[in-house]
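Topology and contacts: notes
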Amino acid sequence: MYNRNKKKQPFAVFFILSVLFLAVCGILLFILPQRTYSENENRYLTTLKAPSFSDFLDTSMQKNLTDGANDQFLCRDLWMKLATAMQRAVGFQDIGGVYFGKDGYYFERILDSHLSDTRWQNNLRFLEQFANTYDTDVSFLPVPSKGSLLTGLLPANAVLFQSDRLYAKIPQMLRQVSFLDIRPVLLEHANDRQLYFKTDHHWTMDAAYLAYTEWCRTQGIKPAALEAFEPGCVRKDFFGTLYSKAPDFHAQPDHFFLPVHVPEATVTIDGRQTDSIYDWGKLDTKDQYGVYFGGNFGRIEIHTKNSTSKKTLLMIKDSFANSAVPFFMADYQTIVMIDLRYYNQPISKLIQETNPSETLFLYEISNFAQDTNFFKILK
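Notes on the structure in this doc start here. These figures come from a predicted structure and were not determined experimentally.

1. Overview of the sheet that holds strand 11 (residues 272-274)
Read from one edge to the other, the open sheet built from 8 strands follows the order 7-6-15-13-14-12-10-11, with strand pairing classed as mixed. Here the strands that pair on one side only, and so sit at the sheet edges, are strand 7 (178-179) and strand 11. Here 2 bridges tie strand 6 (residues 137-143) to strand 7, and the two strands are oriented parallel to one another. Its bridge partner being in strand 7, Phe140 is matched across the sheet by Phe179. Relative to strand 6, helix 6 (residues 163-173) is tilted by about 170 degrees, and along the sheet it contacts strand 6 and strand 7.

Written out as structure tokens, the structure is:
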């Protein structure tokens with residue numbers, strides 16, 4: 001006679017084991033030491049705290065418990081990789097705002113809807129007004145986004161913002177600003193050099209060097225050969241910010257190259273003085289790109305020692321400029337780098353103080369299109 005109970009036993013065992021597993025994980029949340037920071041995600045984690053009486057009167061206790069349990073869950077990084085693997089297995093190409101492309105490349109999913117045409121055109125107007133206001137040669141170097149340049153590595157049917165439409169607006173709206181379109185030189189070397197990190201949105205040392213040579217061409221400067229900077233591989237296990245959004249078992253780390261030989265300089269970072277543009281300790285952390293200056297800061301001044309140049313370069317920029325500036329150092333006595341996300345002093349006062357002969361705006365193009373701080377250049 002057929003016994004239906006035998007068929008139910010495996011399901012009952014699975015149910016009991018699942019409940020036990022979740023119960024054990026829940027207990028361990030309150031027993032094991034709590035992590036305050038995730039190297040992989042590059043953010044601070046929510047820690048579970050003992051509730052106070054007032055927490056029972058609102059939703060703060062529930063929110064802390066929910067967020068804390070999510071952040072402190074046992075083997076969180078492993079579960080994130082498993083979640084990515086499962087989504088990829090069923091055919092997802094976009095996970096956590098990241099496309100998985102060919103040859104191990106990650107691409108940030110930025111759509112036209114993420115960008116504002118009004119803000120893009122306003123920022124261009126601010127830039128043109130800046131050039132009309134100050135006695136300094138102004139240049140704009142928009143860095144193409146990874147997905148707009150390496151189109152052959154994108155997954156099938158990937159949708160990204162129309163960068164060509166943004167580029168077309170630049171010469172239409174800028175009259176007093178020199179526009180450096182580096183797309184041709186990057187495309188020329190796309191097959192023989194790695195221009196972008198596989199698991200990060202930033203460009204590599206090679207791409208930054210190519211941009212520097214284009215800058216030199218427009219300024220009548222003879223660029224130094226890349227070999228003169230003695231490029232060296234400083235890490236072989238670089239995983240970037242896109243990997244943090246969608247960690248995967250099959251992700252391929254990059255080799256991280258730096259121009260090791262750069263001119264001696266005195267560097268002032270938001271008032272703190274150091275003798276190097278590199279924070280070597282960052283190479284031992286998840287944020288290895290932070291080796292440039294230790295991260296992003298409002299104002300960085302580089303005074304190159306033994307420079308034959310007397311010129312000052314003002315560079316208003318995002319993080320893409322950090323890897324380009326080592327190549328500029330020999331051609332300027334002083335380089336002042338301003339990141340408008342963190343700098344709130346009047347730019348007019350800065351111009352008067354530094355008297356730059358050239359001003360370079362260097363941004364990744366979608367960052368520039370989304371920048372809500374760009375109005376500060378007219379303060």
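The structure having been displayed, the exposition proceeds.
2. Observations regarding the sheet that holds strand 5 (residues 106-108)
Sheet architecture is open: 3 strands sit in the order 3-4-5, paired in antiparallel fashion. Looking at the sheet topology across the chains shown, the edges are occupied by strand 3 (94-95) and strand 5.

3. Section: the packing of aromatic side chains
Using the criterion set out here, one finds 27 aromatic pairs in the structure. Note on Tyr209 and Tyr212: the rings are 5.9 Å apart at their centroids and 45 degrees apart in plane angle, and the pair reads as tilted. Here Tyr212 and Tyr209 lie together in helix 8 (residues 205-219), a separation of 3 residues that amounts to about one turn. Just as Tyr209 is buried, Tyr212 falls in that class too. These aromatic residues form a ring-pair network of at least three members: Trp120, Phe130, Tyr134, Phe140, Phe361, Tyr363, Phe368 and Phe374.

Calculation notes
- Residues numbered from 1 in each chain as written.
- Predicted model: local features only at pLDDT ≥ 70, side-chain atom pairs only at ≥ 80, totals over all residues.
- Heavy atoms only, no water.
- Pairing = 2+ DSSP bridges.
- Helix = DSSP H or I, 4+ residues; strand = E, 2+ residues; numbered from the N terminus.
- Contact = heavy atoms within 4.5 Å.
- Axes fitted to C-alpha atoms, helices over the stretch in contact; angles between N-to-C directions.
- Phe/Tyr/Trp six-rings, centres within 6.5 Å; stacked < 30°, edge-to-face > 60°.
- Buried < 20%, exposed > 50% of the residue type's maximum accessible area, 1.4 Å probe, protein only.

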